[in-house]
Amino acid sequence: MSRRLRLGLLTMFAAACAIAFTVLLLYTFSRPGLRVRIDLSSTGTAGLSDRTVSALNQLPEGSRLTAFLFPEDDSFRWFNANVYPQAFDRITSLVEDARVQSGGKLETLVIDINSPMVAREREINRSQRKPGEAIVLESVDQRRVISFEDLFQILRANVNDSTPARIQRERVDTALGDAAVALASGSTLKAGIVTGYGQASATDPNGLLGLSQLLVRDNWEPIEIEGPADAVDCDLLIFVDQKQPFLPSDLKSMEDWLAADKAIMVALGPNASPAAAKQWNTLLKDRGTGFEPGLICEPIRSAAGMVEGRSDCAKLELNAERFSGQHPITIPLIEDNRLLLVIGARPVIFQSGTNDYTQERLLRTDPLAWADSQDPNGLVFSYDKNETRGIRSIAVATERWSPGKEGRMGRIVALGSAASLSAGLEFNRDFITSSLQWLGGDDRKSSGLIGLGERPFQPDRDSIARINNISVYGIPGVTFLIGLWVFWRRRR
Amino acid sequence: MRAFVALWKREVFSMLVSPFAFVLLGVWFLLNGMLFVVALSTQQVMADLRLLPPFLFGSGMLVWLLLPAFPPLLCIRLFAEEHRVGTLEPLLTAPIRDFAVVLAKYLAACVFFLLFWGGVLLLFLLLHWHGGNLDWARVLGGMLGAILVSFLFLATGLWASSWSSNLVLGAGGGAALNYLLLFVPALFELNEGPLGSVARSMHLPNFLDRGFSAGLLDSYALVYLLGLSALFLFLTWMRLVSRRWVP
């Protein structure tokens, strides 16, 4: 073998060794245990929280996270709104962080409108993704779906003054963490949605579908049942706007349910059957709460003073001052400075119950509110002498002072508005979420909403012109001049 | 060491007095300035300046079009031109190790390329001085990522430059290699199985878009960028060594 060939082979061998070493190095450092992500942001919210990372690390091997970044709601793009770019930027960076921090247990994929059509269709079919769903987290035999609306709290566009939609807050990290916890634990609580007494269906988009999806997001398994007698293995019963009183068999089941101190969420709006309301008052008497007839109205504060007599009087805007500062359901709402909009509510009252239970008023009106009675002339939405002004309760929570049979607390949330769980769910989502968490036994869990920290830039015309001129002409021009000077000096 | 420092200084100086380097720098600033102005004129960025770093350093044209092309252009004079004018042989026979030659030239190119990024940083400072409330963790993170990617592209450019005395081939080869590094992982990113996994772990814009310019430093991205740069430097050294018996 000639010396040249020998050296040539040696060089090629060394190059091959270097390539192999680099591949080995990269493989080693791509191992989850050796991978570190450092959050450079001052708030520490650029990446996933410790809770979410810990939940991701407990996922079963072979779990998969697919993010679908499709701008599906046109109203989020009206008037040059920035909702989707901001949201997708946040989701992609956290999905990547999830992949890195999951300890190799999570395979992630981001599908957007630029993804090849074949890959897009394949992933949509494989994950059975429906419109509006942004993240699908799957393990071998379970899946969790997180919708776009669950991730971002969005103020919708105002067509009247051409205000674009904007993201107020987001909870991508918390939602991912919740989904990962649910997947890792492999067990879910069951919520029975009773629909056999004139209630809307849990699959009807205009009915209780939104509530059903919210339950899924919060790790409940919603089950549509005809009546309490069917709620054999449920952990929670939900009643929304009951139109008829219970049949005797269901009434007996209901009494047994209450005697067993199981959880209930009951929402009776002004249109609920009076007979059903009366029945509930009897059922809940021991718990010290019940429902009163009427539609709660409040005067509207306007530039012209307090206005009454309009249907808007029945739309109750509740700020943090109207929430209980003592209860685990409402404390997170106060901390997050949330605003609720309750459309059409009847008063929830306190009854003289037994001493075994506590009662807490969760939401209340202002002192000028009254309950408009449904007289033969219909609702007038204005205060009259037969009505009394004063603070009304819109939601009340009760529970045992001390655990009862089988350690249950007998938690009940009585809500005077049925719309808050159907058409108006969007405006009360955090209250309902917080209530469901409490009913499910989580005494205190943050909603996880954080601000995106928007940084708008609104320079005047001169500033824009100056920035443009310096960027396009100034800096390159000076550089070319220096180059010319160098050229001239070298020629000399 | 003294010879290494002297060679490094010579290389930096020769770039600073090269009209071609300044033309390159001027074109870079011009194109970046235009991209910056275009980005800034979009409603999305105006509504939230946090989106500017990912736009510029992650998914924008700077990374996909400009960044792969400029480092090889800067590198052509490092070996290809030395080879063309016949100064490479004296350099390789001088009392300095071959690897020190490679390293000195590479570090000189890196230092000079920081000037390229200095101009981009100036654009952000300009925005800041005009009242722009920037998220500096994202800006500096994105810039660090982009600098590391450009250092990788300089290493590939240096390797391409070491192969021939033909300047077009040197620059074109380096740029082609850089575009391959960018586009090949992007093509296979959505594949299932090991191919997709490997492609995703090599996808440079994802490192920038979802990592650096989101304010997150990933140890793997750092190792990937520095490791590949070191590999190409080693291959350049191998190429120089092999010149002694493979012309």
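Chemist: Explain the overall build of chain A residue by residue, including any values.
Modeler: For chain A, the helix and strand inventory stands at 12 helices and 23 strands. A compact globule built from 492 residues should have a C-alpha radius of gyration of about 23 Å, whereas chain A, at 29 Å, is more than 25% larger. Sequence separation of at least 24 residues holds for 72% of the intrachain contacts in chain A that already meet a minimum separation of 6. Approximately 23,100 Å² of chain A is accessible, and the part contributed by carbon and sulfur atoms is 53%.

Chemist: Tell me about the overall build of chain B, residues and numbers included.
Modeler: Within chain B one finds 13 helices and 1 strand. Seen in sequence order, chain B has helices and strands lined up from the N terminus as α-α-α-α-α-α-α-α-α-α-α-α-β-α. Its C-alpha atoms give chain B a radius of gyration of 19 Å, near enough to 18 Å, the size a compact globule of 247 residues would have. Principal-axis analysis of the C-alpha atoms gives chain B an extent of 60 × 45 × 30 Å. Scored against the burial criterion, the 247 residues of chain B give a buried share of 62%. Across chain B, contacts joining residues at least 24 apart in sequence account for 75% of those joining residues at least 6 apart. Measuring between centres, the 14 positive side-chain charges of chain B sit 10 Å from its 11 negative side-chain charges.

Chemist: Break down the packing of helix H8 (residues 98-129) of chain B against helix H13 (residues 219-242) of chain B for me, citing the residues and quoting the values.
Modeler: How two helices sit against one another is set out by the angle between their axes and by the gap between those axes. All names here are of chain B. Orientation of H8 relative to H13, taken along the N-to-C sense of each, is 130°, at an axis distance of 9 Å. Put simply, H8 runs oblique to H13. In the crossing of H8 with H13, the sense of the turn from one axis to the other is right-handed. Along its contact with H8, which presents Asp98, Phe99, Val102, Leu103 and Tyr106, the element H13 presents Ser229, Leu233, Phe234, Thr236, Trp237, Leu240 and Val241.

Chemist: Tell me about the interface of chain A and chain B, and please be specific about residues and values.
Modeler: Across the contact, 71 residues belong to chain A and 63 residues belong to chain B. Together, the buried faces of chain A and chain B total about 5,800 Å²; carbon and sulfur atoms form 67% of this surface. It is Leu40(A), Arg455(A) and Phe457(A) that lose the most area in chain A upon contact with chain B, and together they represent 14% of the buried surface on that side. Taken together, the connections running from chain A to chain B amount to 4 salt bridges. Among the salt bridges present, the one from Asp89(A) reaches Arg138(B), with a minimum N-O distance of 2.9 Å. Inspection of the chain A/chain B interface yields 8 residue pairs in polar contact (both at pLDDT 80 or more). Of all elements in the fold, only helix H1 (3-29), strand S1 (37-39), helix H3 (83-101), strand S3 (106-112), helix H4 (117-127) and helix H12 (461-491) of chain A reach the threshold of two or more residues within the side of chain A that touches chain B.

Chemist: Before we move on, could you go through the environment of Ala87(A) and cite the residues and values that matter?
Modeler: Residues and elements named next belong to chain A. Tracing the backbone shows Ala87 in helix H3. Overall, Ala87 belongs to the buried group, its relative accessible area being 0%. Note: C-alpha distance between Ala87 and Leu436 (349 residues apart in sequence) is 26 Å. Ala87 has contacts with Phe148, Phe152 and Ile167, leaving out every residue within four places of it along the chain.

Chemist: Requested: an account of the nonpolar core, with residues and values cited.
Modeler: Membership of the largest hydrophobic core comes to 86 residues, with the highest contact counts inside it found for Trp28(B), Trp117(B), Phe124(B) and Leu204(B). A total of 16 residues in this core trace back to one element, the largest contributor, which is H8(B). Ignoring sequence-local partners within four residues, the contact set of Trp28(B) consists of Leu62(B), Leu66(B), Leu67(B), Phe70(B), Phe113(B), Phe116(B), Trp117(B) and Val120(B). Formed by 40 residues, the second largest nonpolar core is a distinct cluster that contains Ala320(A), Ile394(A), Ala395(A) and Ala418(A).

Chemist: I'd like a description of the packing of H1(A) against H13(B), backed by residues and values.
Modeler: Where H1(A) contacts H13(B), the axes come no closer than 10 Å and their chain directions differ by 175°. As far as their axial angle goes, H13(B) and H1(A) are roughly antiparallel. Residues Thr11(A), Ala14(A), Ala15(A), Ala18(A), Ile19(A), Thr22(A), Leu25(A), Leu26(A) and Phe29(A) of H1(A) pack against Tyr220(B), Val223(B), Tyr224(B), Gly227(B), Leu228(B), Leu231(B), Phe234(B), Leu235(B), Met238(B) and Ser242(B) of H13(B). Among the residues making up the contact of H1(A) with H13(B), the classes are represented as 15 nonpolar, 4 polar and no charged.

Chemist: Describe the side chain of Thr66(A), and please don't skip the residues or the numbers.
Modeler: All names here are of chain A. Along the chain, Thr66 turns up in strand S2 (residues 63-69). At 3.5 Å, the side chain of Thr66 forms a polar contact with the side chain of Arg126. Each residue touching Thr66, except ones within four places of it in the same chain, is listed here: Leu109, Ile111, Glu123, Arg126, Ala134, Ile135, Val136 and Glu138.

Chemist: An account of the packing of aromatic side chains is requested, with residue identities and associated values reported.
Modeler: A full pass over the atoms with the stated rule returns 31 aromatic pairs over all chains. Between the aromatic rings of Phe207(B) and Tyr220(B), the centroid separation amounts to 6.0 Å while the plane-to-plane angle is 80°, which identifies the pairing as edge-to-face. One end of the pair, Phe207(B), is in helix H12 (residues 204-210); the other, Tyr220(B), is in helix H13, and 13 residues separate them in sequence. Given the relative accessible area of 5%, Phe207(B) is considered buried. Here Arg389(A) stacks its cationic end above the ring of Tyr383(A), 4.1 Å away from the centre of that ring.

Chemist: Quick rundown of helix H11 (residues 425-439) of chain A? Include the residues and the values.
Modeler: An α-helical segment advances 3.6 residues per turn. Residues three or four places apart therefore align on the same side. All names here are of chain A. With 15 residues, H11 should reach 21 Å at 1.5 Å per residue; the first-to-last C-alpha distance of 18 Å falls well below that figure. In terms of burial, H11 is largely enclosed, as 13 of its 15 residues are buried. Downstream of H11 by a residue or two, Gly441 has a phi angle that is positive, lying close to 105°.

Chemist: Run through the domain arrangement of chain A, naming residues and quoting values.
Modeler: Along its sequence, chain A is carved into domain 1 (50-172) and domain 2 (188-451). Its C-alpha centre places domain 1 of chain A at a distance of 31 Å from the equivalent point of domain 2 of chain A.

Chemist: I'd like a rundown of the sheet that holds S2(A), residues and numbers included.
Modeler: Sheets are built from strands that pair by backbone hydrogen bonding, the pairs being arranged parallel or antiparallel. All names here are of chain A. Ordered in space as S3-S2-S4-S5, the 4 strands form an open sheet in which the pairing is mixed. Looking at strand neighbours, the two that pair on one side only are S3 and strand S5 (143-147), the edges of this open sheet. In this sheet, neighbouring strand axes are inclined to one another by 15° on average, regardless of whether the strands run parallel or antiparallel.

Chemist: Can you tell me about the pairing of S5(A), naming the residues and giving the values?
Modeler: Residue and element names in this part refer to chain A. Of the strand pairs in this sheet, strand S4 (residues 133-138) and S5 are connected by 5 bridges, and their pairing is antiparallel. Within the sheet, the bridge partner assigned to Ile135 lies in S5 and is Ile146. Where S4 hands over to S5, the hairpin turn is made up of 4 residues, counted between the paired strands.

Chemist: Report on a nonpolar patch on the surface, specifying residues and quantitative values.
Modeler: All names here are of chain B. Residues Leu180, Val184, Leu187, Phe188 and Leu195 make up a contiguous nonpolar surface patch of roughly 460 Å² in combined accessible area. For the nonpolar patch, the leading source of residues is helix H10 (residues 167-188), giving 4 residues. One can find Leu195 in helix H11 (residues 193-201). Using a relative accessible area of 46% as the deciding quantity, one classes Leu195 as partly exposed.

Chemist: A description of the pattern of salt bridges should follow, citing residues and the corresponding values.
Modeler: Side chains that differ in charge, positive against negative, can pair when their charged atoms come close. If you walk through the whole model with that rule in mind, you get 38 salt bridges over all chains. Between Arg200(B) and Glu107(A) there is a salt bridge whose closest N-O contact spans 3.0 Å. Here Arg200(B) is found in helix H11, whereas its partner Glu107(A) is found in strand S3 on a different chain. Accessibility expressed as a relative area gives 10% for Arg200(B), which makes it buried.

Chemist: I'd like a description of H1(A), backed by residues and values.
Modeler: If you check H1(A), its first and last C-alpha atoms are 39 Å apart, about what 27 residues at 1.5 Å a residue would give, namely 39 Å. Inspection of H1(A) places Leu7(A), Gly8(A), Thr11(A), Ala15(A), Ala18(A), Thr22(A) and Leu26(A) among the buried residues, and these make up the whole buried set. On its buried face, H1(A) is in contact with H13 of chain B.

Reading the values: rules and limits
- Residues numbered from 1 in each chain as written.
- Chains lettered and ligands numbered in written order.
- Predicted model: local features only at pLDDT ≥ 70, side-chain atom pairs only at ≥ 80, totals over all residues.
- Heavy atoms only, no water.
- Helix = DSSP H or I, 4+ residues; strand = E, 2+ residues; numbered from the N terminus.
- Rg over C-alpha atoms; globule rule 2.2 N^0.38 Å.
- Contact = heavy atoms within 4.5 Å.
- Areas by Shrake-Rupley, 256 points an atom, 1.4 Å probe, with all protein chains shown as cover.
- Buried < 20%, exposed > 50% of the residue type's maximum accessible area, 1.4 Å probe, protein only.
- Lys, Arg positive; Asp, Glu negative; His and termini not counted.
- Charge placed at Lys NZ, Arg CZ, Asp CG, Glu CD.
- Axes fitted to C-alpha atoms, helices over the stretch in contact; angles between N-to-C directions.
- Parallel < 35°, antiparallel > 145°, perpendicular 65-115°, else oblique.
- Left-handed = near helix turned anticlockwise from the far one by under 90°.
- Buried area = accessible area lost by both parts, 1.4 Å probe.
- Salt bridge = Lys/Arg side-chain N within 4 Å of Asp/Glu carboxyl O.
- Polar contact = N/O pair within 3.5 Å; in protein donor to acceptor, adjacent residues only side chain to side chain.
- Core = buried A, V, L, I, M, F, W, Y, C linked by side-chain atoms within 4.5 Å.
- Nonpolar A, V, L, I, M, F, W, Y, C, P; charged D, E, K, R; others polar.
- Phe/Tyr/Trp six-rings, centres within 6.5 Å; stacked < 30°, edge-to-face > 60°.
- Lys NZ or Arg CZ within 6 Å of the ring centre and 35° of its normal.
- Expected span 1.5 Å × (residues − 1).
- Domains from an automatic or database assignment.
- Pairing = 2+ DSSP bridges.
- Patch = residues over 30% accessible without salt bridge, like charges linked within 9 Å, V, L, I, M, F, W, Y side chains within 5 Å.

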